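Residues per chain are reported as follows:
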Amino acid sequence: MVTLTERRTAPAVVATDLTKVYGQGDARVHALRAVNVAFATGAFTAIMGPSGSGKSTLMHCLAGLDTATSGTVHLGDVELTGLSDRQLTLLRRERIGFVFQAFNLLPTLTAEQNIRLPLEIAARQADQALFDRVISTVGLTDRLSHRPTELSGGQQQRVAVARALISKPQVIFADEPTGNLDSRSGAEVLSFLRVSVRELGQTIVMVTHDPVAASYADRVVFLRDGELVTELATPTPQSVLDTLVKLEA
Amino acid sequence: MLKTALAGLRAHMFRLLLTSLAIMLGVGFIAGTFVLNDTVQAGFDQRVSADAGKVDVAVLPKGSGAVLSERVLERIRGLDGVTEAQGLVRGAAPLIGKDGKTVGNLPTTAVSIVTGPLDRADIVAGTGPGTDDRAAVLDDNTAKAQGMRLGDTITVLDAGKAEHRFKLVGLLDTGVDQELSFTGAVGFTTATAKRMTDFKGYREIDVAGTAPGLKQAVAAAVGDAYTVKTGHELASDLARAAGVETQMFTLGLLLFGVVAMMVAALVIYNTFNILVAQRTREMALLRCIGATRGQVFGSILLESAVVGVLASALGLLLGYGLATLTLTVLGAVDAPLPTDAGAALSPVTIATGMAVGLVVTVCAALLPARSATRVLPVAALRTHAEEQTFRAGLLRGLFAALFLVAGSGVTAVGVFVLEPGRNESLLAVMAGGSLTFLAVLILGPVLVRPLSVLVGWIPGRVFGVPGRLAVGNSGRNPKRAATTTVALTIGVTLMTLISVVTASTRLTMTAKLDEQFPVDYAVMDQERDSVVPRSVAERLRRAPELASVVQIRQADATIDGRHVSAGTFRGPVEPYVTAGSMAGFGPGQVALRDSDAERLGVQVGDSVRLRTERAGTVPLKVVALVDGNQGTLPSVTVAEAAFETYFGAVPDARLMIRIADGVPRERAREVVDAAAAPYPNVKVSSAAETRGQFDETLDMLLMIITGLLGLAILISLLGIANTLSLSVHERTRESALLRALGLTRRQLRAMLSVEALVLGLIGALVGAVLGGVFGWAAIMAMLDGALLSLPVGQIALFVALSGVAGVLAAVLPARRAARASITGALAAG
Ligand SMILES: Nc1ncnc2c1ncn2[C@@H]1O[C@H](COP(=O)(O)OP(=O)(O)O)[C@@H](O)[C@H]1O
Ligand SMILES: [Mg+2]
């Protein structure tokens, strides 16, 4: 595990002095305060922190869903800061995958259509071998023609992960992907994420506040009040919990 | 949180605003119609009130065509307490226009203009003729149309077609008199009016006098044969008679108002359904903290009542504005209506407008309010709205089938069983149409999904991912989509129906005209007993440019006491014989129109007794029956020589002329015009002109009706905008997800536009089909031997415009959707 992060030198995503301020005057909230962080290519990184610490904001800024107040974000060799909405959209389309906590799928489309959606939006051909491999890995082969309402929560999240993988993005951002799942389904989704990092070399950044979920990652970074406070390599549930307890104290 | 709350409120306001607009337009149209009617009626009242002041008693003959003799006038003049009595003369006296021909299709009406206190003429320029027998006045519209000015010399034909010249000294306003405004009026002194018209007696005698009980005295003097009215009674009767047409017109307009309100009701129903669905959580929360079902129900109804009242009030203002505008326009184009009485919102208008708006709004909100009471308190705890699932229930199918069968059955009876042209046939088709429409209304939710797939086939391919997503979305909430599109269907159905009916009428009439007018030119005068001097036909017969000239002569006669029009012909006539034969047609023989033969109860071989002017009663043998719908023979035709012995050397009533092969139309026309030129009353018309006039009338009608139906379409578009803005609202999360996955703002907008396009097209297509079918049914029920014409281009245009309009309706909701921030939407919920 350690070797994986060390082997790849160029990080996939780098944030420099990233600051995000919401509101004005009395209502000013510093969601992020000069965050400096890099996410290694081919690694599975978790972002942890108490509720309201800025995890989602950080992810949104890194993924080009939101623009930072100051500081820069680099996705590979592209600097996100200063890109127009349209450029950001095209960038997300080409290079980024998403898994959200809920409402991941379009209810009008079947599982397969949902999985292929990003490729269709980008008008790209699916890599059929990759598609078959992903589908069999996530165990959705017999569920492809089902609509989201006919799938369990865990299956829905697995469809979302498959969808993120299928376009071979530079990075997949996952915001609390197991937040709504029971522990068994959650474990399935998490192992699947880890498998995709191991076997497909996928880069994944996952926001979570669950120490068990974080323990699936190669590395965990900790946020508190919008600041990056510490990080942990090769985490276990216990070590993550300990770090959190220390942070809250 | 505040941001989403504000956004919610804004969305909510927008929706209520759209609803209010729908009601406002409907109520505005109805109120405007009332104001228009009131104003015109007030104008009529105003005009006749002056008359009421002048005339103390008026004597009128009973029954149409009856007149008052000089003796009656003398008797009234001799009564005590009568200071003055004047007889009014009225009769045909054709005015000759600048082209040397009589003006218009009907002869100008001559009226007597009296002097003194009983002068009721409304002279708007110059003076009345006074006692000058060489002076005349014209009604202002005719003078303007003919470019005749005060001081000009005008020429008028008397009853014997002789020309008389007069100096134009004044212009007359025909006021409320519909007959005069229709035919045009020329005013003379009483003596001249008698001389110019075929004077048989007065149309009315006006009496001035101060003695109490004058009316009774006059009534006693003239006897039961006449009606005696006071000046006020006369005035109010005149005003009422003048208003009858206005009221018919008002009723017609109100019909469109009803259609508009129906569409508005659908829009309101949908809006409140939407509001309820949107506030499920709010409502559930209310129920959690103890609100009863009744309270929830009441709160929705209250909301609808407030919307109804506000919108209706605004609608009244809008109606007032619309009416004022219409009156200004009508005044500017010199419509024959009083438009100057000053528009006003009467209490009746206000009450009606408010009541209609309020009742329609609240009734349309009833069902949504009931569904609001079904919200369970636990719904407050659910995080997101359930996907609307819809299954086509057995009951729904059963009802739809029932209505469909009943609708087709009743329509079929109207088309195939009942006689065309009767009111019942058309009513049957209308009833059948309504029943079928109900079936479509019930089936709507079932139809939406397959139709959206069908209609969305092309957009789904042209617009890529956004297109395909849009097609999926449009069938997503079938009930809502159905209600939205049905509102549009109503308008498009009616438009299509009207255009099919007009096109078919045009085709049928043109075909009939070709049959009845199998000639190039017809020559006749404008009066019923048309007189064309024989010299015209003689001259034309010599013209080498013409292939044939047929002369038709007519005279009044009786057969067994029944009035008939007897006539003869000279020249090559195509008689369209349906029974018997006209070969060797000669004296002692008669050909009857089949309808007349039926009326008289005779057949070929029977004998009829014709009473003639000169030869007494003559027995005639029926040798042939001719088709009354085709051909040009008089209803009772005898041979030419026989006709002369029976009726004398009667002038021709009309000529029918065919151009010789190879002669240019212009050249032939010149020849015919030249032959008719010496006789101002003799007018030449061509089939093409007649058809042109007919076409113009139809086009005008089509334009007006389509314009009025535009209102219903406009209201249904508000419904589309409304539905879409809710969809946008409901799918905030989904839109954010799509944006995160790389859908650009423009693609998101395109997605909503395509959804609107699909909704618009579904509504329009269903409307086009319904309108086409029932347009066919209506024309079959209205006209005997109707020919169907489907104006495909026009209908396609309606459908295309509906699609475009749908896209326009999506502009605002789509913009809002595209503007929404992704992270905000992801965080919310
Ligand atoms: N759109 C927004 N407007 C104002 N404040 C916001 C907004 N989004 C997040 N915040 C604030 O920024 C801080 C960080 O939020 P977030 O990144 O969602 O935290 P986390 O995901 O760690 O729970 C919080 O204090 C939150 O209240
Ligand atoms: Mg968060």
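Residues numbered from 1 in each chain as written. Chains lettered and ligands numbered in written order. Predicted model: local features only at pLDDT ≥ 70, side-chain atom pairs only at ≥ 80, totals over all residues. Heavy atoms only, no water.

- Under the annotation held in an unreviewed UniProt entry, chain B carries the name FtsX-like permease family protein and is attributed to Nonomuraea longispora.
- Quoted verbatim from the Sequence similarities (unreviewed entry) heading of the UniProt record, the comment on chain B is "Belongs to the ABC-4 integral membrane protein family."
- Its UniProt record gives chain B a comment under Subcellular location (unreviewed entry), which states: "Cell membrane". (UniProt positions renumbered as here; feature names shortened; annotations may be inferred.)

- Under an unreviewed UniProt entry, the name given to chain A is ABC transporter ATP-binding protein, and the organism recorded is Nonomuraea longispora.

**A word on the overall build of chain A**
Part 1 of the reasoning: Helix and strand counts for chain A stand at 9 helices and 10 strands.
Part 2 of the reasoning: Its C-alpha atoms give chain A a radius of gyration of 18 Å, near enough to 18 Å, the size a compact globule of 249 residues would have.
Part 3 of the reasoning: Based on the C-alpha atoms only, the size of chain A along its principal axes is roughly 50 × 45 × 40 Å.
Part 4 of the reasoning: Sorting the 249 residues of chain A into buried and exposed places 52% on the buried side.
Part 5 of the reasoning: Once local pairs closer than 6 in sequence are excluded, the contacts in chain A between residues at least 24 apart make up 68%.
Part 6 of the reasoning: Total accessible area on chain A is roughly 10,600 Å²; 49% of this is exposed by carbon and sulfur atoms.
Part 7 of the reasoning: Of the side-chain charges in chain A, 24 are positive and 26 negative, and the distance between the mean point of each set is 3 Å. (Helix = DSSP H or I, 4+ residues; strand = E, 2+ residues; numbered from the N terminus. Rg over C-alpha atoms; globule rule 2.2 N^0.38 Å. Buried < 20%, exposed > 50% of the residue type's maximum accessible area, 1.4 Å probe, protein only. Contact = heavy atoms within 4.5 Å. Areas by Shrake-Rupley, 256 points an atom, 1.4 Å probe, with all protein chains shown as cover. Lys, Arg positive; Asp, Glu negative; His and termini not counted. Charge placed at Lys NZ, Arg CZ, Asp CG, Glu CD.)

**Some points on empty space enclosed by the protein**
By rolling a water-sized probe across the atoms, one finds the places where empty space is left.
Residue and element names in this part refer to chain B.
Part 1 of the reasoning: Per the counting criterion, the structure on display carries 7 cavities of 30 Å³ or more.
Part 2 of the reasoning: When its volume is computed, the largest cavity comes out at roughly 70 Å³.
Part 3 of the reasoning: Taken together, Val 440, Gly 444, Leu 447, Val 448, Leu 451, Ala 482, Thr 485, Val 486, Thr 489, Ile 762, Gly 763 and Val 766 form the lining of the largest cavity.
Part 4 of the reasoning: Elements that contribute at least two residues to the lining of the largest cavity include exactly helix H12 (423-455), helix H15 (478-516) and helix H22 (745-782).
Part 5 of the reasoning: With 5 residues, the single largest contributor to the lining of the largest cavity is H12. (1 Å grid on protein atoms, 1.4 Å probe; cavity = no way out; pocket = protein on both sides within 12 Å on 5 of 7 lines; lining within 4 Å. Points joined across faces, edges and corners; volume = space filled by probe spheres on them.)

**Regarding the nonpolar core**
Part 1 of the reasoning: In terms of nonpolar packing, the biggest core is built from 119 residues, with Val 13, Leu 18, Leu 62, Phe 98 and Phe 173 of chain A together with Ile 715 of chain B touching the most fellow members.
Part 2 of the reasoning: Taken domain by domain, this core gets at least three of its residues from each of domain 1 (1-55 + 249-382) and domain 3 (445-518 + 686-828) of chain B.
Part 3 of the reasoning: Formed by 43 residues, the second largest nonpolar core is a distinct cluster that contains Ile 115, Val 134, Ile 166 and Leu 190 of chain A. (Core = buried A, V, L, I, M, F, W, Y, C linked by side-chain atoms within 4.5 Å. Domains from an automatic or database assignment.)

**With respect to helix H23 (residues 792-809) of chain B**
Residues and elements named next belong to chain B.
Part 1 of the reasoning: The terminal C-alpha atoms of H23 lie 25 Å apart, and with 18 residues this matches the ideal 26 Å at 1.5 Å per residue to within 8%.
Part 2 of the reasoning: Within the span of H23, buried status applies to Ile 795, Phe 798, Val 799, Ser 802, Gly 803, Ala 805, Gly 806 and Ala 809. Looking straight down H23, one finds its buried side chains confined to an arc of 165°; they lie on one side. In H23, the exposed positions angled more than 90 degrees off the buried face are occupied by Gly 793 and Leu 808. (Expected span 1.5 Å × (residues − 1). Arc of directions from axis to C-beta.)

**Some points on the UniProt feature "domain: MacB-like periplasmic core" (unreviewed entry) in chain B**
Part 1 of the reasoning: Using the residue numbers shown here, the UniProt feature "domain: MacB-like periplasmic core" (unreviewed entry) corresponds to residues 17-221 and 482-673 of chain B.
Part 2 of the reasoning: Between the C-alpha atoms that bound residues 17-221 of chain B there is a distance of 69 Å. The span itself is 36% helix and 28% strand.

**Observations concerning the interface of chain A and chain B**
Part 1 of the reasoning: Counting from both sides, the interface comprises 23 residues of chain A and, opposite them, 23 residues of chain B.
Part 2 of the reasoning: For the pair chain A and chain B, the summed buried surface comes to about 2,200 Å²; carbon and sulfur atoms form 68% of the total.
Part 3 of the reasoning: Looking only at chain A, the three residues that lose the most surface to chain B are Phe 103, Leu 106 and Ile 121 of chain A, adding up to 27% of its buried area.
Part 4 of the reasoning: For the interface between chain A and chain B, the tally reads 3 salt bridges.
Part 5 of the reasoning: One salt bridge connects Arg 745 of chain B with Asp 85 of chain A, and the closest N-O pair in it is separated by 3.6 Å.
Part 6 of the reasoning: On the surface where chain A and chain B come into contact, there are 7 residue pairs in polar contact (both at pLDDT 80 or more).
Part 7 of the reasoning: Listing elements by their share of the side of chain A that touches chain B, those giving two or more residues are helix H3 (85-95) and helix H4 (111-121) of chain A. (Buried area = accessible area lost by both parts, 1.4 Å probe. Salt bridge = Lys/Arg side-chain N within 4 Å of Asp/Glu carboxyl O. Polar contact = N/O pair within 3.5 Å; in protein donor to acceptor, adjacent residues only side chain to side chain.)

**Some details on the packing of helix H20 (residues 687-730) of chain B against H23 of chain B**
All names here are of chain B.
Part 1 of the reasoning: Remark: H20 packs on H23, axes separated minimally by 10 Å, with the N-to-C direction vectors making an angle of 35°. Viewed along their axes, H20 and H23 form a crossing whose handedness is right-handed. Across the interface between the two elements, Leu 702, Thr 706, Leu 717, Ile 720 and Ala 721 from H20 touch Gln 794, Phe 798, Ala 805, Gly 806 and Ala 809 from H23.
Part 2 of the reasoning: Of the residues contributing to the contact of H20 with H23, the split by class is 7 nonpolar, 3 polar and no charged. (Axes fitted to C-alpha atoms, helices over the stretch in contact; angles between N-to-C directions. Left-handed = near helix turned anticlockwise from the far one by under 90°. Nonpolar A, V, L, I, M, F, W, Y, C, P; charged D, E, K, R; others polar.)

**Section: the sheet that holds strand E12 (residues 226-230) of chain B**
All names here are of chain B.
Part 1 of the reasoning: Taken together, the 4 strands give an open sheet; going across it, the order is E2-E11-E1-E12, and neighbouring strands pair in antiparallel fashion. Strands with a single pairing partner mark the edges of an open sheet, and in this sheet they are strand E2 (82-88) and E12. Ignoring strand direction, the axes of neighbouring strands in this sheet form an average angle of 20°.
Part 2 of the reasoning: Across the sheet, helix H7 (residues 231-278) touches strand E1 (57-61), strand E11 (204-209) and E12, and the angle it forms with E12 is around 100°. (Pairing = 2+ DSSP bridges.)

**A few points about a positive patch on the surface**
Part 1 of the reasoning: On the surface, Arg 86 of chain A together with Arg 746, Arg 749, Arg 815 and Arg 819 of chain B cluster together into a patch of positive charge.
Part 2 of the reasoning: Mapped onto the positive patch, the elements with two or more residues apiece are H22 and helix H24 (811-819) of chain B.
Part 3 of the reasoning: Tracing the backbone through its elements, the reader meets Arg 749 of chain B in helix H22. (Patch = residues over 30% accessible without salt bridge, like charges linked within 9 Å, V, L, I, M, F, W, Y side chains within 5 Å.)

**Quick look at the UniProt feature "domain: ABC3 transporter permease C-terminal" (unreviewed entry) in chain B**
Part 1 of the reasoning: Cross-referencing UniProt, the feature "domain: ABC3 transporter permease C-terminal" (unreviewed entry) maps to residues 255-374 and 708-821 of chain B in the present numbering.
Part 2 of the reasoning: Along residues 708-821 of chain B one finds 85% helix and 0% strand; the C-alpha atoms at either end are 42 Å apart.

**Points about the packing of aromatic side chains**
Part 1 of the reasoning: This structure, assessed with the given rule, holds 6 aromatic pairs over all chains.
Part 2 of the reasoning: Each ring, one from Phe 98 of chain A and one from Phe 100 of chain A, has its centre 5.4 Å from the other, and the planes form 10°; the classification is stacked.
Part 3 of the reasoning: Measuring from centroid to centroid gives 6.3 Å for Tyr 646 of chain B and Phe 647 of chain B, while their planes differ by 80°, and the two rings are edge-to-face. You'll find Tyr 646 of chain B and Phe 647 of chain B in the same group, each marked buried. (Phe/Tyr/Trp six-rings, centres within 6.5 Å; stacked < 30°, edge-to-face > 60°.)

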